[in-house]
Amino acid sequence: MSKLVLLTAGLLATCASTTSERLDRPDYRQDPRLARLTQFLTVNRCPVAPLAEQFLYSADLNSLDWRLLPSISLVESGGGRKCANNNIFGWDEGRTAFSSVREGIHTVASRLANSKLYKKKDLKALLRTYNPYPEYPARVESTMRRLSPTAKAAGYPSNSRIAK
């Protein structure tokens with residue numbers, strides 16, 4: 001009987017935390033970054049355009065510049081046009097497989113924000129660590145500026161630690 005009570009309590013706690021996470025998630029429908037990012041990804045024929053909100057949520061959750069992840073994905077895989085194993089970022093030289101593109105977005109964002117390799121680095125240093133090719137930081141930064149000249153979009157404040 002006590003096992004049943006524990007199992008039920010565990011299931012209720014899981015449901016409550018999942019519901020809480022959904023309630024705490026920001027509503028991006030009025031966020032000017034969403035419209036700008038969706039348009040940018042669509043114009044660039046990126047299959048990941050429907051995941052624009054995931055890019056924003058993951059960037060906000062990890063205090064990253066909202067332009068960083070979509071820009072890396074565009075440089076690495078054409079925004080998902082040329083990728084394998086849901087790895088739109090070329091993460092781990094493309095060897096890592098993700099169960100979904102969404103998982104890849106959240107995993108890479110978390111690693112860029114929390115890994116000793118990337119944490120506390122400015123944008124150029126982070127990008128040099130991500131990909132050692134000398135022209136890589138400039139390519140990603142150029143893509144970021146095409147998306148939006150600054151981390152602020154139409155007056156939307158940035159809480160990014162690596163905003164430029």
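Residues numbered from 1 in each chain as written. Predicted model: local features only at pLDDT ≥ 70, side-chain atom pairs only at ≥ 80, totals over all residues. Heavy atoms only, no water.

### Here we look at the packing of aromatic side chains
Taken as a whole and judged by the stated rule, the model has 5 aromatic pairs. On the basis of an interplanar angle of 80 degrees and a centroid distance of 6.4 Å, the ring pair of Phe55 and Phe89 is categorised as edge-to-face. In this pair, Phe55 is assigned in helix α3 (residues 52-61) and Phe89 in the loop between α4 (68-77) and α5 (101-114), connecting sequence segments 34 residues apart. The same class applies to Phe55 as to Phe89, namely buried. (Phe/Tyr/Trp six-rings, centres within 6.5 Å; stacked < 30°, edge-to-face > 60°. Helix = DSSP H or I, 4+ residues; strand = E, 2+ residues; numbered from the N terminus. Buried < 20%, exposed > 50% of the residue type's maximum accessible area, 1.4 Å probe, protein only.)

### Remarks on the pattern of salt bridges
According to the stated counting rule, one finds 7 salt bridges in the structure shown. The partner of Arg95 in a salt bridge is Glu93, and the shortest N-O contact between them spans 3.3 Å. Residue class for Arg95 comes out exposed when judged on its relative accessible area of 56%. By relative accessible area, which is 70% here, Glu93 ends up exposed. Connected via shared salt-bridge partners are Asp31, Arg33 and Asp60. (Salt bridge = Lys/Arg side-chain N within 4 Å of Asp/Glu carboxyl O.)

### Comments concerning the packing of helix α2 (residues 32-43) against helix α7 (residues 136-147)
Axis angle and axis distance: for two packed helices, these are the angle between their axes and the distance between the axes, and together they describe the pair. Orientation of α2 relative to α7, taken along the N-to-C sense of each, is 120 degrees, at an axis distance of 10 Å. Between α2 and α7, the angle falls in the class oblique. Contacts from Arg36, Leu37 and Phe40 of α2 reach α7 at Thr143, Arg146 and Leu147. By residue class, the composition of the contact of α2 with α7 is 3 nonpolar, 1 polar and 2 charged. (Axes fitted to C-alpha atoms, helices over the stretch in contact; angles between N-to-C directions. Parallel < 35°, antiparallel > 145°, perpendicular 65-115°, else oblique. Contact = heavy atoms within 4.5 Å. Nonpolar A, V, L, I, M, F, W, Y, C, P; charged D, E, K, R; others polar.)

### Regarding the nonpolar core
Counting residues in hydrophobic clusters, the biggest one holds 41 residues, and the most contacted among them are Leu41, Phe55, Leu68, Ile72, Phe89 and Leu112. Residue assignment for this core shows that the elements contributing at least two residues are α2, α3, α4, α5, α6 (123-130) and α7. Here this core gets 6 residues from one element, more than from any other, and that element is α5. (Core = buried A, V, L, I, M, F, W, Y, C linked by side-chain atoms within 4.5 Å.)

### Quick notes on the environment of Ser58
You can see Ser58 is positioned in helix α3. In sequence terms Ser58 and Arg102 are 44 residues apart; their C-alpha atoms lie 9.5 Å from each other. When near neighbours in sequence (up to four residues on either side) are disregarded, Ser58 contacts Leu69, Ile105, His106 and Ala109. There is a polar contact of 3.2 Å between the side chain of Ser58 and the side chain of His106. (Polar contact = N/O pair within 3.5 Å; in protein donor to acceptor, adjacent residues only side chain to side chain.)

### Concerning α5
For α5, spanning 14 residues, the distance from its first C-alpha to its last is 20 Å, which sits close to the expected 20 Å at 1.5 Å a residue. The complete set of buried residues in α5 reads Val101, Gly104, Ile105, Thr107, Val108, Ala109, Leu112 and Ala113. (Expected span 1.5 Å × (residues − 1).)

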